[in-house]
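Fold and contact review
In case you want the letters, here they are:
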Amino acid sequence: MKAILEISALVLAIVNGLMLFRSYFRDRAVLKVSAIHPEVYQWWFRLPGSEYQGQTTRSYGFLLYIGIANKGLRKVQLEKWRLIIRSASNKKIELKPMSIPEPSWENEVFTKYFPVLGQKGLMFGGATMVDAGCSISGMAYYIYECFGDKLFDPLIVNDTIRGSFEVNDVFGKKEKCKIIFSYKKLEYVQTIFKDIEKIG
């Protein structure tokens, strides 16, 4: 009788564990990352260089507008996000986001403000919690600076630079999407992001 009770308890524990495991995977957060209006907002541009070890550096800015949706049944907190690009020698380059003021675009009638991903500003709260069935969005800005051999430059093909935007949630799960950056002159970028060349 004792052996039967022990086996029954073990079976119940296994069944309970399987049910909890099933519920966890069924209800988990499922993030989907995508570029917002990829033909409009994903830009790369040249920034003024500086001096390092007696050499002039070459600086590149990357501005993207990203959306992160949660198609799962549980809300989740974002922990970090970064941009991955390749150098002309095909070396992987990982960039971290810069802190920036909210970009804005003005016309004769109104001023449109853009949120910055994960950053509280004058107009937006900078939320990094993505509720179930909801999404957040924002711009992210990255700078890459190099000097010396041209092989350290980003890989540029037909005035475009390909990259990968990656985001991690607090549970360590990673999601990513491909980004194609179109070349814009610095003066054009400054129409929505005044003094961008002074960041960093």
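Criteria and thresholds
Residues numbered from 1 in each chain as written. Predicted model: local features only at pLDDT ≥ 70, side-chain atom pairs only at ≥ 80, totals over all residues. Heavy atoms only, no water. Helix = DSSP H or I, 4+ residues; strand = E, 2+ residues; numbered from the N terminus. Buried < 20%, exposed > 50% of the residue type's maximum accessible area, 1.4 Å probe, protein only. Areas by Shrake-Rupley, 256 points an atom, 1.4 Å probe, with all protein chains shown as cover. Polar contact = N/O pair within 3.5 Å; in protein donor to acceptor, adjacent residues only side chain to side chain. Contact = heavy atoms within 4.5 Å. Patch = residues over 30% accessible without salt bridge, like charges linked within 9 Å, V, L, I, M, F, W, Y side chains within 5 Å. Salt bridge = Lys/Arg side-chain N within 4 Å of Asp/Glu carboxyl O. Phe/Tyr/Trp six-rings, centres within 6.5 Å; stacked < 30°, edge-to-face > 60°. Lys NZ or Arg CZ within 6 Å of the ring centre and 35° of its normal.

As a further point, take the overall build of the protein chain. A tally of helices and strands in the protein chain yields three helices and 13 strands. Each of the 200 residues in the protein chain was classed as buried or not, and the buried ones make up 36%. For the protein chain, the computed accessible surface area is about 12400 Å², with 57% contributed by carbon and sulfur atoms.

This brings us to the side chain of Ser59. Structurally, Ser59 is set in strand S5 (residues 58–70). Only 3.4 Å separates the side chain of Ser59 from the side chain of Glu145, close enough to count as a polar contact. Setting aside residues no more than four positions away along its own chain, Ser59 makes contact with Phe45, Arg46, Leu47, Pro48, Gly49, Tyr144 and Glu145.

Moving on to a nonpolar patch on the surface. Nonpolar side chains collect at one region of the surface, where Tyr113, Leu122, Met123 and Phe124 lie side by side and expose about 450 Å² of accessible area between them. As for its placement among the helices and strands, Met123 is situated in the loop between strand S9 (111–113) and strand S10 (129–130).

Turning next to the pattern of salt bridges. Evaluation of the coordinates by the stated rule reveals six salt bridges. Between Glu175 and Lys173 there is a salt bridge; the shortest N-O distance is 2.7 Å. Overall, the relative accessible area of 22% leaves Glu175 in the partly exposed class. Lys198 is the salt-bridge partner of Asp195, the closest N and O atoms lying 3.7 Å from each other. The partly exposed category is assigned to Asp195, whose relative accessible area is 32%. Connected through shared salt-bridge partners, Arg82, Glu94, Glu166 and Lys174 make up one network.

Residues other than glycine seldom take positive phi values, yet Asn158 does so here, at roughly 50 degrees. Look at Asp195: it is not a glycine, yet its phi comes out positive at around 65 degrees. Structurally, the position occupied by Asp195 is in the segment after helix H3 (186–189).

So, about the environment of Ala132. On the secondary structure map, Ala132 appears in the loop between S10 and strand S11 (135–146). Residue classification places Ala132 among the partly exposed residues on the basis of a relative accessible area of 29%. Counting along the chain gives 103 residues from Ala132 to Ala29, while the straight-line C-alpha distance between them is 7.0 Å. Non-local contacts of Ala132, meaning those with residues more than four positions away in its chain, are made with Asn70, Gly72, Leu73, Arg74 and Lys75.

In the structure shown here, the tally under the stated rule is 12 aromatic pairs. Judged by centre distance (5.3 Å) and plane angle (90 degrees), the ring pair of Tyr41 and Tyr65 falls under edge-to-face. Here Tyr41, found in helix H2 (residues 38–41), pairs with Tyr65, found in strand S5; they are 24 residues apart in sequence, far enough to count as distant. Per residue, the accessibility class of Tyr41 equals that of Tyr65, and both read buried. Ring geometry for Trp44 against Tyr60: centres 6.1 Å apart, planes inclined by 45 degrees, an arrangement best described as tilted. In this pair, Trp44 sits in strand S2 (residues 43–47) while Tyr60 sits in strand S5, placing the two residues 16 residues apart along the sequence. The residues Trp44 and Tyr60 share a single accessibility class, namely buried. When the ring centre of Tyr188 is taken as origin, the NZ or CZ atom of Lys184, which lies over that ring, is 4.7 Å away.

Quick look at the environment of Gly172 now. Looking at the secondary structure, you find Gly172 in the loop between strand S12 (160–169) and strand S13 (174–183). For Gly172, a relative accessible area of 48% translates into the label partly exposed. In this structure, the C-alpha to C-alpha distance between Gly172 and Leu78, residues 94 residues apart in sequence, is 9.4 Å.

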